[in-house]
Amino acid sequence: MLEYIKVILEKVSFDKVLFEKELRKGIRELLPNEIKELKLWCYDKFGQIYFKVLNRVFGRMTLA
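Below or above, wherever it landed, is the structure these notes cover. All values derive from a computational prediction rather than experimental measurement. (Residues numbered from 1 in each chain as written. Predicted model: local features only at pLDDT ≥ 70, side-chain atom pairs only at ≥ 80, totals over all residues. Heavy atoms only, no water.)

**Examining the nonpolar core**
Alright, step 1. In terms of nonpolar packing, the biggest core is built from 18 residues, with Leu9, Phe19, Leu23, Ile27, Leu38, Cys42 and Phe58 touching the most fellow members.
Alright, step 2. Per-element tally for this core: the top contributor is helix H3 (residues 32-59), with 10 residues.
Alright, step 3. Those residues in contact with isoleucine 27 that lie beyond four places of it in its chain are Ile35, Leu38, Val57, Phe58 and Met61. (Core = buried A, V, L, I, M, F, W, Y, C linked by side-chain atoms within 4.5 Å. Buried < 20%, exposed > 50% of the residue type's maximum accessible area, 1.4 Å probe, protein only. Helix = DSSP H or I, 4+ residues; strand = E, 2+ residues; numbered from the N terminus. Contact = heavy atoms within 4.5 Å.)

Written as structure tokens, this is what we have:
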């Protein structure tokens, strides 16, 4: 599922609103360790353009 979510995020990365929507939706499908991996990947891949979005989405999360 993690790899699928990565593909989706790459495909919608042209639109900030759609990117955030799909990121939130994807996170709901993942286990905590997968969310950590997704977070690292997102900041690496999209941190330059969607830093504020990533902070908004991941900033409120507490991962065990």
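**Points about the packing of helix H2 (residues 16-27) against H3**
To characterise two packed helices, one gives the angle between the axes of the helices and the distance between these axes.
Alright, step 1. Two elements in contact, H2 and H3, have axes separated by 12 Å at closest approach and are oriented at 150°. Between H2 and H3, the interaxial angle falls into the category roughly antiparallel. Taken as a pair, H2 and H3 cross one another with a handedness that is left-handed. Here H2 contributes Lys16, Phe19, Glu20, Leu23, Arg24 and Ile27 to the contact with H3, which in turn contributes Ile35, Leu38, Cys42, Phe46, Tyr50, Val53, Leu54, Arg56, Val57 and Phe58.
Alright, step 2. Residue composition of the contact of H2 with H3, grouped by class: 12 nonpolar, no polar and 4 charged. (Axes fitted to C-alpha atoms, helices over the stretch in contact; angles between N-to-C directions. Parallel < 35°, antiparallel > 145°, perpendicular 65-115°, else oblique. Left-handed = near helix turned anticlockwise from the far one by under 90°. Nonpolar A, V, L, I, M, F, W, Y, C, P; charged D, E, K, R; others polar.)

So far we have only geometry, and geometry alone does not tell us how the molecule works.
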